Amino acid sequence: MRELYKDLQPEILINREQLAARVAELGAQITKDYHGKELVLVGILKGAVIFLADLLREIDLPLTLDFVAISSYGSATKSSGVVRIMKDLDHDIVDKHVLVVEDIIDTGLTMSFLKNNLLSRGAASIRVCSLLDKPERRLVRLGSDYTGFTVPDAFVVGYGLDYGQRYRNLPEIGVLKSEIYAN
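Here's what I pulled together on the structure shown here. (Residues numbered from 1 in each chain as written. Predicted model: local features only at pLDDT ≥ 70, side-chain atom pairs only at ≥ 80, totals over all residues. Heavy atoms only, no water.)

1. Description of the overall build of the protein chain
Line of reasoning, step 1. Secondary structure summary: the protein chain contains 4 helices and 9 strands in total.
Line of reasoning, step 2. With respect to the three principal axes, the spread of C-alpha positions in the protein chain is 50 × 35 × 25 Å.
Line of reasoning, step 3. Taking all 183 residues of the protein chain together, 46% fall into the buried category.
Line of reasoning, step 4. Roughly 9,300 Å² of accessible area belongs to the protein chain as shown, and the carbon and sulfur atoms make up 50% of that amount.
Line of reasoning, step 5. Separation of charge centres in the protein chain, based on 22 positive and 25 negative side chains, amounts to 3 Å. (Helix = DSSP H or I, 4+ residues; strand = E, 2+ residues; numbered from the N terminus. Buried < 20%, exposed > 50% of the residue type's maximum accessible area, 1.4 Å probe, protein only. Areas by Shrake-Rupley, 256 points an atom, 1.4 Å probe, with all protein chains shown as cover. Lys, Arg positive; Asp, Glu negative; His and termini not counted. Charge placed at Lys NZ, Arg CZ, Asp CG, Glu CD.)

Written out as structure tokens, the structure is:
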């Protein structure tokens, strides 16, 4: 067993092949939907970086890229509900079509806050592309315009998702053993 996998449940939730296939499908759909529009991808740091890197290579359009760092977790495993912008956009989004690329939508509080914040800046449109969706945990009515996978209410890591800044480099998505984060 690889060292990276020792803290995971035995069954991999989403493997490399599934990730690659779904990212290609999402990229093709985004290419079609945004044809002829000025697209800005806004990646959410740090969790969405790996997904974003793969996704943008599947989008066959001219686009620009920016990042925000936003948090409602801190070092906890559950959202605190208090949303903070840690790093803001570097560029203006007025009259641009913004696609926010997120690793996971959980309670929806963070994404709801961010969408409202970006809309107030004059974006032509705001849509969300989320690698994972965990609808069982939703506290606000919010969906993703593009969703990679729906996952159960479990603590998932890998492909950019972390626990305590670890496990981001797992090439697949797995469920962390509860004894790892229970303390």
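2. Digging into the pattern of salt bridges
Line of reasoning, step 1. According to the stated counting rule, one finds 12 salt bridges in the structure shown.
Line of reasoning, step 2. What you see here is one network of salt bridges that share partners, running through Glu3, Lys6, Asp7 and Arg166. (Salt bridge = Lys/Arg side-chain N within 4 Å of Asp/Glu carboxyl O.)

3. Notes on the environment of arginine 138
Line of reasoning, step 1. Tracing the backbone through its elements, the reader meets arginine 138 in the loop between strand 6 (125-133) and strand 7 (146-150).
Line of reasoning, step 2. For arginine 138, a relative accessible area of 19% corresponds to the buried category.
Line of reasoning, step 3. Taking C-alpha positions, arginine 138 is 5.9 Å from aspartate 106, a pair spaced 32 residues apart along the chain.
Line of reasoning, step 4. Excluding anything up to four places from it in sequence, arginine 138 contacts Ile105, Asp106, Thr107, Gly108 and Asp133.
Line of reasoning, step 5. Side-chain polar atoms of arginine 138 contact the backbone oxygen of isoleucine 105, separated by 3.4 Å.
Line of reasoning, step 6. Polar side-chain contacts of arginine 138 include one of 2.6 Å to the backbone oxygen of aspartate 106. (Contact = heavy atoms within 4.5 Å. Polar contact = N/O pair within 3.5 Å; in protein donor to acceptor, adjacent residues only side chain to side chain.)

4. As for the sheet that holds strand 1 (residues 8-14)
Line of reasoning, step 1. If you walk across this open sheet you meet the 3 strands as 1-9-8, and the pairing is antiparallel. If you trace the sheet from one side to the other, it starts and ends with strand 1 and strand 8 (156-157), each paired once.
Line of reasoning, step 2. Here strand 8 runs beside strand 9 (residues 173-176); their pairing, made up of 2 bridges, is antiparallel. When the sheet's bridge partners are listed, valine 156 is paired in strand 9 with valine 175. (Pairing = 2+ DSSP bridges.)

5. Some points on helix 2 (residues 49-56)
One turn of the α-helix equals 3.6 residues, which is why residues spaced by three or four share an orientation.
Line of reasoning, step 1. Of the positions making up helix 2, those classed as buried are Phe51, Leu52 and Leu55. Projected onto a plane normal to the axis of helix 2, the buried residues spread over an arc of 100 degrees and lie on a single side.
Line of reasoning, step 2. In this fold, the buried residues of helix 2 make contact with helix 1 (16-33), strand 2 (39-45), strand 3 (63-71), strand 5 (97-105) and strand 6. (Arc of directions from axis to C-beta.)

6. Looking at unusual backbone geometry
Negative phi characterises most residues that are not glycine, and trans characterises most peptide bonds.
Line of reasoning, step 1. Look at the link from leucine 45 to lysine 46: it is a cis peptide, with omega at 0 degrees.
Line of reasoning, step 2. Counting through the fold element by element, lysine 46 comes out in the loop between strand 2 and helix 2.
Line of reasoning, step 3. Although it is not a glycine, aspartate 95 sits at a positive phi angle of roughly 65 degrees.
Line of reasoning, step 4. Relative to the assigned elements, aspartate 95 resides in the loop between strand 4 (84-87) and strand 5.
Line of reasoning, step 5. Even without glycine at this site, tyrosine 167 takes up a positive phi of about 80 degrees.
Line of reasoning, step 6. Within the element layout of this structure, tyrosine 167 appears in the loop between strand 8 and strand 9.
Line of reasoning, step 7. The exposure class of tyrosine 167 is buried, given its relative accessible area of 4%.

7. Details of the packing of helix 1 against helix 2
Line of reasoning, step 1. Packing of helix 1 against helix 2 leaves a shortest axis separation of 9 Å and a crossing angle of 60 degrees. Between helix 1 and helix 2, the crossing angle belongs to the class labelled oblique. The crossing of helix 1 and helix 2 is right-handed. In contact with Val23, Leu26, Gly27 and Ile30 of helix 1, helix 2 contributes Phe51, Asp54 and Leu55.
Line of reasoning, step 2. Of the residues assigned to the contact of helix 1 with helix 2, the class counts are 5 nonpolar, 1 polar and 1 charged. (Axes fitted to C-alpha atoms, helices over the stretch in contact; angles between N-to-C directions. Parallel < 35°, antiparallel > 145°, perpendicular 65-115°, else oblique. Left-handed = near helix turned anticlockwise from the far one by under 90°. Nonpolar A, V, L, I, M, F, W, Y, C, P; charged D, E, K, R; others polar.)

What is shown is where atoms sit, not what they do.
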